[in-house]
Amino acid sequence: MSRPDTRLVQPPRIPGEPARATSTPLYQTATFAQDLEGGRNPWDYSRSGNPTRDVLEEQLAALDGAERALAYGSGIAAVSAALRLAGPGDEVIVGDDLYGGTVRLLRDYERHLGLGVRRVDVRDPLRVRDALGPRTRLVFVETPTNPRLRVVDVAGLADVLQEHPAQLVVDNSMLSPLRQRPLELGADIALQSATKLLGGHGDLTAGVIAVSDGAVAERLAFLRNAEGSALAPFEAWLLLRGMSTLSVRLERQERNAAALADWLETRPEVTRVHRVPAGTGGVVVSFETGSVARSREIIRRARLFRTTVSFGGVTSSIGLPCAMSHASVSEAERATSGLAEDLVRISTGLEDARDLLADLERAFLESSRKEETADCLA
Ligand SMILES: *Cc1c(COP(=O)(O)O)cnc(C)c1O
């Protein structure tokens, strides 16, 4: 089979597609005609199956080295589908540094679905081993974590789980399968928000689950059809288009992220820089300033960086996770996970790095001037 970069721009054909289109056609239709006399149409209803989404899912499965991939209407729908593999009375062990929406969902499933949730520092596989019990159904981790970019040892966790029936779920939103393939590291389920890097243009929401086990895939596919959470055809088509440039986007955006992190490390205003280990990839960098007011001021004054949640798009963005993407994480939960209130998260886009650095330098300068003024008046 072709390598990923080749495969991304040469998706498989839709079987029987008569016009031999070079780009995947969009089947914007809810229904497909049935043939009552012999010859079955493999497609009948887009909630259950759609040719455009099928091509997308073949691409996603190939990228992750999976038996099957399923596309959902959002990343959190994919997270939810994975968590629902556990039922009332079951336990899930989860990382203590997770996406805010995942934390919110876990809290709700704990209260209303009777799911046992154990939060553990999953960077240490031995702690996970100690937390395992007879009712543990899933171990759910993110790596690197968002926004603090802590790295979890997926292979180490897979080792610990070898003798236990619990399934290892990895949220791979921060890196994408071009940089990290959790299934190859021993995870049972790899999922991600395709809203971020895979889509890459900030114009869609989507989520993906990739699995290596056929029975798990069938269970997920059954539930997705029964609940109607599959990705719509137009979004599937947009996502395919976004994915065709994933590899080149990543290269440029990662270079920009590294340049920015290097620069941040030289700044006296910055008390701490969070970045992934060299060679890991990823387009997110975060830093602390020791002052929520200063962090807010820097964000306000940055012009090329839009103040938005989300990351991974072609346009650079900046935000204060504590007040934005992680606002649903309670103060107590933030305290356990150690998410600093002054932490600023940056996602680098495709802009020229020199423009990004100049913009941030100006924002830093203006924010410190403002502090001087404030002191003087006080
Ligand atoms: C954004 C994100 C999600 C949720 O994805 P949506 O597409 O926004 O629903 C889940 N996990 C992580 C790590 C994310 O960054």
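These numbers come from a predicted model, not from an experiment.

**Overview of the site of the ligand**
Within the structure, the ligand sits among 13 residues, and I76, D171, S193, T195 and K196 are positioned closest to it. Contact distances for the ligand include 2.7 Å between an oxygen atom and a side-chain N or O atom of K196. When isolated, the ligand has an accessible area of 380 Å², and the protein chains bury 92% of it. Classifying every residue of the shell around the ligand by side-chain character gives four nonpolar, six polar and three charged.

**A closer look at the side chain of S176**
Within the element layout of this structure, S176 appears in the loop between β5 (167-171) and β6 (189-193). Of the residues examined, S176 reaches a relative accessible area of 0% and is grouped as buried. Not counting residues up to four positions away in its chain, the partners in contact with S176 are Q192, L197, L198, L246 and L250.

**Section: the sheet that holds strand β9 (residues 284-288)**
Reading across the sheet, the five strands line up as β8-β9-β12-β11-β10 and stay open at both edges, with mixed pairing between neighbours. On the outer flanks of this sheet lie β8 (272-274) and β10 (306-307), each paired with one strand and no other. Here four bridges tie β9 to strand β12 (residues 344-347), and the two strands are oriented antiparallel to one another. Directly across from F287, in β12, lies its bridge partner V344. Against the sheet, helix α9 (residues 246-265) makes contact with β8, β9 and β12, and its axis sits at roughly 15° relative to β9, the strand it touches most.

**A word on unusual backbone geometry**
The omega angle of the peptide bond from T143 to P144 is -10°, so this bond is cis rather than trans. You can see P144 is positioned in the loop between β4 (136-142) and α6 (154-160). Residue P147 follows N146 across a cis peptide bond; omega there is 10°. You can see P147 is positioned in the loop between β4 and α6. One non-glycine residue with positive phi stands out, namely R20, at about 50°. Its location among the elements puts R20 in the loop between α1 (4-9) and α2 (51-64). Despite not being glycine, S176 has its phi angle at roughly 80°, a positive value.

Parameters and conventions
- Residues numbered from 1 in each chain as written.
- Predicted model: local features only at pLDDT ≥ 70, side-chain atom pairs only at ≥ 80, totals over all residues.
- Heavy atoms only, no water.
- Near = heavy atom within 4 Å.
- Polar contact = N/O pair within 3.5 Å; in protein donor to acceptor, adjacent residues only side chain to side chain.
- Areas by Shrake-Rupley, 256 points an atom, 1.4 Å probe, with all protein chains shown as cover.
- Nonpolar A, V, L, I, M, F, W, Y, C, P; charged D, E, K, R; others polar.
- Helix = DSSP H or I, 4+ residues; strand = E, 2+ residues; numbered from the N terminus.
- Buried < 20%, exposed > 50% of the residue type's maximum accessible area, 1.4 Å probe, protein only.
- Contact = heavy atoms within 4.5 Å.
- Pairing = 2+ DSSP bridges.
- Axes fitted to C-alpha atoms, helices over the stretch in contact; angles between N-to-C directions.

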